[in-house]
Amino acid sequence: SLKQIDIPDSVKKVGSGAFTYCSGLTRIDITKSVLTIEPNIVQYFSECNNLTRINVDPDNPVYSSEDGVLFSKDKETLICCPPGKSGDYVIPEEVCVIEELAFSECKKLTSVSISDNVQTIGDFAFTGCTGIETITIPGNVFLSWNGVFNGCTSLQEIQLKGTSTDYYTVDGVLFMRRASVDGKEYQNILFCYPAGKQNEYYQIPEGTELISGCGFCGADYLKDIQFPSSLVAIDHDSFRACTGLEE
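Peer 1: Before we go on, may I ask you to explain unusual backbone geometry in this structure?
Peer 2: Trans is the common state for peptide bonds, and a negative phi is the common state for residues other than glycine. Of note in the backbone geometry, Asp237 takes a positive phi value of approximately 60 degrees without being a glycine. Considering the arrangement of structural elements, one finds Asp237 in the segment after β22 (233-234). Asp237 gets classed as partly exposed once you look at its relative accessible area, which sits at 42%. One non-glycine residue, Ala241, adopts positive backbone phi at about 65 degrees.

Below, the structure written as structure tokens:
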């Protein structure tokens, strides 16, 4: 099966799904001519589960790479970690933005260290990272509303580094202090209950007004959830794939 791809100098764009299901692929070399790399709706290199390195020609004006990970030229944006990368990964200090889908389906990663310089984490950035058990995010970060940790089935705890005006945690569960959804203002939003948290019972803290979309997605251990009297609304897909819920 195909294990390595050297993109020709004539290629300027790598389209969505160009390497889908190339399961034997371990390395991609991107030349200086490539100016656009498009993700599909799931990830950049869908089902390339053995891809461990994305190498970029140093003369490429748009992209760069370090340790096999794809970045913008200035390394301020982490674009894509190859799905086959394993073990612990430390995000470089230069990174300010973790792009949407950046770590999607990186099932072999066991931890990701996020520096204080990261300000934004995009849609579904860590979706399907089934090996990560804990994650610490900077207090000043902005998290996308859409499933940042969706499908992280081993994730047991979310921690905040430093103080935050936007988020807080209670027993490893991530809350947002305030948000506007569909024109309505809410306070104390349950943003993400870690799917790997091994509790069968959870009582949502009093004062919580909203459960975000995918707030409990994939929390298979839960059998019973108690809702507070303060709860005003539940966003879409909040309890998707909670197969253990009985009440």
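Peer 1: I keep staring at the sheet that holds strand β14 (residues 142-143) and nothing clicks. Help me out?
Peer 2: Backbone-to-backbone hydrogen bonds pair the strands of a sheet. The strands run either parallel or antiparallel. If you trace the six strands from one edge of the open sheet to the other, you get β6-β7-β8-β10-β12-β14, paired in mixed fashion. Since the sheet does not close on itself, it has two edges, and those belong to β6 (63-66) and β14, each with one partner. As paired strands, strand β12 (residues 120-121) and β14 are joined by two bridges and run parallel to one another. Directly across from Ile121, in β14, lies its bridge partner Leu143.

Peer 1: Help me understand a negative patch on the surface, please; the structure alone is not making it clear to me.
Peer 2: Together, Glu66, Asp74, Glu76, Glu93 and Glu94 line one region of the surface with negative charge. Along the chain, the position of Asp74 falls in the loop between β7 (69-72) and β8 (77-80). Overall, the relative accessible area of 47% leaves Asp74 in the partly exposed class.

Peer 1: Please explain the pattern of salt bridges as it appears in this structure.
Peer 2: One side chain can pair with another of opposite charge once the charged atoms of both are near each other. Scanning the model with the defined rule gives seven salt bridges in all. For the salt bridge of Lys85 with Asp67, the shortest nitrogen-to-oxygen distance reads 3.4 Å. With a gap of 18 residues between them, Lys85 in the loop between β8 and β9 (87-90) and Asp67 in the loop between β6 and β7 connect regions that are remote in the sequence. Given the relative accessible area of 11%, Lys85 is considered buried. Between Glu200 and Lys223 there is a salt bridge, with the nearest N and O atoms lying 3.8 Å from each other. In this pair, Glu200 sits in the loop between β18 (184-192) and β19 (201-203) while Lys223 sits in the loop between β20 (210-211) and β21 (224-226), placing the two residues 23 residues apart along the sequence. You can call Lys223 partly exposed: its relative accessible area is 34%.

Peer 1: Looking at this model, I keep getting lost on the environment of Gly128. Mind explaining?
Peer 2: As for its placement among the helices and strands, Gly128 is situated in the loop between β12 and β13 (134-138). Given a relative accessible area of 6%, Gly128 falls into the buried group. For the pair formed by Gly128 and Cys106, sequence separation is 22 residues and the distance between their alpha carbons is 6.7 Å. Setting aside chain neighbours within four positions, we find Gly128 in contact with Glu105, Cys106, Lys107, Asn150, Gly151 and Cys152.

Peer 1: Looking at this structure, how should I read the nonpolar core?
Peer 2: A general tendency of soluble globular proteins is for nonpolar side chains to be buried together. Ranked by internal contacts, the top residues of the largest apolar core, which has 40 residues, are Ile98, Phe103, Ile114, Ile121, Phe126 and Phe149. Secondary structure elements with two or more residues in this core: β7, β11 (109-113), β13, β17 (173-181) and β18. Each residue touching Ile98, except ones within four places of it in the same chain, is listed here: Leu78, Ile91, Phe103, Ile114, Val118, Thr120, Ile121, Gly122, Ala125 and Phe126. Counting residues in hydrophobic clusters, the runner-up holds 21 residues, among them Ile30, Cys48, Leu51 and Ile54.

Peer 1: Just checking my understanding: could you explain the environment of Val97 for this structure?
Peer 2: Checked against the element boundaries, Val97 lands in strand β10 (residues 97-98). In this structure, the C-alpha to C-alpha distance between Val97 and Gln119, residues 22 residues apart in sequence, is 6.0 Å. If we ignore the near neighbours within four places in the chain, the residues touching Val97 are Glu76, Thr77, Leu78 and Thr120.

Peer 1: What am I meant to see in the side chain of Asn60 here?
Peer 2: Mapped onto the secondary structure, Asn60 falls in the loop between β5 (53-56) and β6. There is a polar contact of 2.8 Å between the side chain of Asn60 and the backbone oxygen of Thr31. At 2.8 Å, the side chain of Asn60 forms a polar contact with the backbone nitrogen of Val62. Discounting chain neighbours no more than four positions away, the residues touching Asn60 are Ile30, Thr31, Lys32, Ser33, Val34 and Lys73.

Quick notes on the rules
- Residues numbered from 1 in each chain as written.
- Predicted model: local features only at pLDDT ≥ 70, side-chain atom pairs only at ≥ 80, totals over all residues.
- Heavy atoms only, no water.
- Helix = DSSP H or I, 4+ residues; strand = E, 2+ residues; numbered from the N terminus.
- Buried < 20%, exposed > 50% of the residue type's maximum accessible area, 1.4 Å probe, protein only.
- Pairing = 2+ DSSP bridges.
- Patch = residues over 30% accessible without salt bridge, like charges linked within 9 Å, V, L, I, M, F, W, Y side chains within 5 Å.
- Areas by Shrake-Rupley, 256 points an atom, 1.4 Å probe, with all protein chains shown as cover.
- Salt bridge = Lys/Arg side-chain N within 4 Å of Asp/Glu carboxyl O.
- Lys, Arg positive; Asp, Glu negative; His and termini not counted.
- Charge placed at Lys NZ, Arg CZ, Asp CG, Glu CD.
- Contact = heavy atoms within 4.5 Å.
- Core = buried A, V, L, I, M, F, W, Y, C linked by side-chain atoms within 4.5 Å.
- Polar contact = N/O pair within 3.5 Å; in protein donor to acceptor, adjacent residues only side chain to side chain.

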